Amino acid sequence: METGDTDVLVIGAGASGLAAAGDLAAAGLRVRVVEARGRVGGRVHTLYESSSPVPVELGAEFIHGEPRETWELVERANLLVCELPGRRWQKRGGRLTTTDEFWSKIEKVFERLKREGGRDRAFEEFLSERREDAETREAARLYVEGFHAAHSERIGTRGLLKAEEASERTNGDKLFRVLSGYRSVVEHLREEVLRRGGEIMLGTAVEELRWRPGGVELTARGAGGEAGTHAAPRVVVTLPLGLLKDEKAVRFVPELPDKRAAAAGIEVGHVERVTLRFRERFWEKLELPGDEGVRSLAEMSFLFSPEVAVPTWWTALPVRAPLVVGWAGGTAADRLSGGDSLVESALQSFAEVLGVARGEVASQFVEAYTHDWRSDPFARGAYSYPPVGGVEAQEALARPVEGTLFFAGEATNTDGHNGTVHGAIATGRRAAREVLESLRA
Ligand SMILES: Cc1cc2nc3c(=O)[nH]c(=O)nc-3n(C[C@H](O)[C@H](O)[C@H](O)COP(=O)(O)OP(=O)(O)OC[C@H]3O[C@@H](n4cnc5c(N)ncnc54)[C@H](O)[C@@H]3O)c2cc1C
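Residues numbered from 1 in each chain as written. Predicted model: local features only at pLDDT ≥ 70, side-chain atom pairs only at ≥ 80, totals over all residues. Heavy atoms only, no water.

Overview of the sheet that holds strand 11 (residues 204-212)
Turning to step 1, where the next piece is worked out: With mixed pairing, the 4 strands of this open sheet are ordered in space as 13-12-11-15. Both outer strands of the open sheet, strand 13 (227-232) and strand 15 (251-253), are each paired with one neighbouring strand and no more. Neighbour-to-neighbour, the strand axes of this sheet turn through a mean angle of 20°, independent of strand direction.
Turning to step 2, where the next piece is worked out: Relative to strand 13, strand 12 (residues 215-222) is paired through 6 bridges, and the arrangement is antiparallel. Residue pairing for strand 13: T219 is matched across the bridge by T229. (Pairing = 2+ DSSP bridges. Helix = DSSP H or I, 4+ residues; strand = E, 2+ residues; numbered from the N terminus. Axes fitted to C-alpha atoms, helices over the stretch in contact; angles between N-to-C directions.)

Set out below in structure tokens:
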């Protein structure tokens, strides 16, 4: 097997692959990134529409807290970031309450989880161990399923606890948005790779990875259908979990049964996310009855309603724009993907949340933006979460093989930051360090 004139191949130009490639190129290695899509960024996918005053995110939107990985980039690239205002509400039984009550219920559940710890078990099993009231369980479920894109009867308590602790370390309860769109972050990573002499081949889908210790050969197909090969002594694999689970998606020769077993031990989470653009910010003129009197929706940033099909909503605040995002994760996402059209369900849910007729919302509606990550052949889902035993599976998935195959990507994050952009970047940087250490060995 020829190893060509490249030192390291990187499969995938998402946040993790670009971070790995940038670090490797900075260390003086000849790096080639092979990416199936015609763009970089993977699950970071921003649309710039002339008809929309703000960029529209189809994938990642928020910086969760103050993780070093993202903030370093934001500062190096001089990007403008704003913090989301704290006005968050819950709508239940036709009434609005601030989410303080909602969060304090969730916090109580997590405090108990921290206190009791115990064996790794499904979150739903943990919930059933105490007689928490139905509302508390519902709030905890909505949070866990929405945020982690998980099923509460599958996500493991150990992984959840790890994610909570990781979030506390990085002030994860604060949310930020990159005003020029998340794409600016990955564009910066892309520029760093190129500036340091790395190469990025877009529209090149890897079909097979042949390897032996010290040698890798990729067979990839270009957008025009032509096959080509790429060889190097080492490869960083950042394929999303959904592809690693399927032996037919990218063939490993010889096969890697331990990696397949590890991938099988982690779950792919699903999300339905839809941005609705309206003629104007009509909801700002509405008022709803709340526990502390009538409330105007002019300052609404987040609104949770466990009672509707699309249960989580947010606006563009602090920017005033006529767009809202509807979000459903886990079980709610599954229900939506099998039912009526997502946009129809979203319009219906938004009307119910606002307490107005569907016709009123429909008359304001201009356009919807969404992306089907579940059936996207190069994503096969939104992001990963660890079920019972999943923490060990994440560690096994991340482990290098024979100083030749290295693994990055959000699902290989073992610090509790899986499912995020900063978590993905951290794995790329970790894989780059592992490659450099293998060269010194
Ligand atoms: C709807 C949604 C909302 C999200 N919201 C947030 C958020 O607000 N904040 C946050 O931090 N995170 C969020 N995330 C998660 C975040 O987007 C991901 O964790 C992160 O972008 C994953 O990066 P990655 O490099 O691991 O994977 P990817 O970005 O998926 O990169 C993998 C790359 O591999 C490529 N590839 C796949 N198959 C092949 C092949 N055969 N050959 C060559 N290349 C291939 C893919 O095209 C892709 O570019 C969200 C994700 C989704 C889907």
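Let's talk about the pattern of salt bridges
Turning to step 1, where the next piece is worked out: This model, assessed by the stated rule, comprises 36 salt bridges.
Turning to step 2, where the next piece is worked out: The salt bridge partner of K105 is E135, with a shortest N-O separation of 3.8 Å. Taken together, the residues K105 in helix 3 (residues 99-116) and E135 in helix 5 (residues 134-148) connect sequence positions 30 residues apart.
Turning to step 3, where the next piece is worked out: A salt bridge links K285 to E280; the nearest nitrogen and oxygen atoms lie 2.9 Å apart.
Turning to step 4, where the next piece is worked out: Exposure remark for K285: the relative accessible area of 64% places this residue in the exposed category.
Turning to step 5, where the next piece is worked out: The network of salt bridges with shared partners includes R92, K105, E135 and E138. (Salt bridge = Lys/Arg side-chain N within 4 Å of Asp/Glu carboxyl O. Buried < 20%, exposed > 50% of the residue type's maximum accessible area, 1.4 Å probe, protein only.)

Considering the domain arrangement of the protein chain
Turning to step 1, where the next piece is worked out: Domains assigned within the protein chain are domain 1 (8-44 + 182-266 + 386-440) and domain 2 (85-173 + 271-372).
Turning to step 2, where the next piece is worked out: Counting residues at the interface gives 12 residues for domain 1 and 14 residues for domain 2.
Turning to step 3, where the next piece is worked out: Between domain 1 and domain 2, the buried area comes to about 930 Å², and carbon and sulfur atoms account for 53% of it.
Turning to step 4, where the next piece is worked out: Where domain 1 packs against domain 2, one counts 1 salt bridge.
Turning to step 5, where the next piece is worked out: Of the charged contacts in the structure, one is a salt bridge between R158 and E392, with a shortest N-O distance of 2.3 Å.
Turning to step 6, where the next piece is worked out: Where domain 1 meets domain 2, there are 4 residue pairs in polar contact (both at pLDDT 80 or more). (Domains from an automatic or database assignment. Contact = heavy atoms within 4.5 Å. Buried area = accessible area lost by both parts, 1.4 Å probe. Polar contact = N/O pair within 3.5 Å; in protein donor to acceptor, adjacent residues only side chain to side chain.)

Quick look at the packing of helix 1 (residues 15-26) against helix 14 (residues 421-440)
Turning to step 1, where the next piece is worked out: As a packed pair, helix 1 and helix 14 sit with axes 7 Å apart at the nearest point and diverge in direction by 35°. Once helix 1 is placed against helix 14, the crossing between them reads as right-handed. Judged by residue contacts, A15, S16, A19, A20, D23 and L24 of helix 1 engage V421, A424, I425, T427, G428, R429, A432, V435 and L436 from helix 14. (Left-handed = near helix turned anticlockwise from the far one by under 90°.)

Quick look at the site of the ligand
Turning to step 1, where the next piece is worked out: Around the ligand, the surrounding shell holds 39 residues, and the nearest of these are S16, E35, R43, F62 and V421.
Turning to step 2, where the next piece is worked out: Separating an oxygen atom of the ligand from a side-chain N or O atom of E35 is a distance of 2.6 Å.
Turning to step 3, where the next piece is worked out: F62 places a polar main-chain atom, nitrogen or oxygen, 2.8 Å from a nitrogen atom of the ligand.
Turning to step 4, where the next piece is worked out: Relative to its unbound accessible surface of 1000 Å², the ligand loses 98% to contact with the protein. (Near = heavy atom within 4 Å. Areas by Shrake-Rupley, 256 points an atom, 1.4 Å probe, with all protein chains shown as cover.)

Points about the pairing of strand 14 (residues 234-237)
Turning to step 1, where the next piece is worked out: Both faces of strand 14 are covered, namely the face carrying R234 and V236 and the face carrying V235 and V237.
Turning to step 2, where the next piece is worked out: In this structure, strand 1 (residues 8-11) lies alongside strand 14, joined through 4 bridges in parallel fashion. Counterpart to V10 in the pairing with strand 14 is V236.
Turning to step 3, where the next piece is worked out: One ladder, built from 3 bridges, connects strand 14 with strand 25 (residues 405-407); its direction is parallel. Residue pairing in the sheet places V235 in a bridge with L405 of strand 25.

Remarks on the sheet that holds strand 2 (residues 31-34)
Turning to step 1, where the next piece is worked out: The 5 strands lie next to each other as 10-2-1-14-25, forming an open sheet whose pairing is parallel. Only two strands of the sheet have a single neighbouring strand rather than two, namely strand 10 (199-201) and strand 25. Strand-to-strand twist across the sheet, computed as the mean angle between neighbouring axes with direction ignored, equals 20°.
Turning to step 2, where the next piece is worked out: Along the sheet, helix 1 makes contact with strand 1, strand 2, strand 10 and strand 14, crossing strand 2 at roughly 170°.

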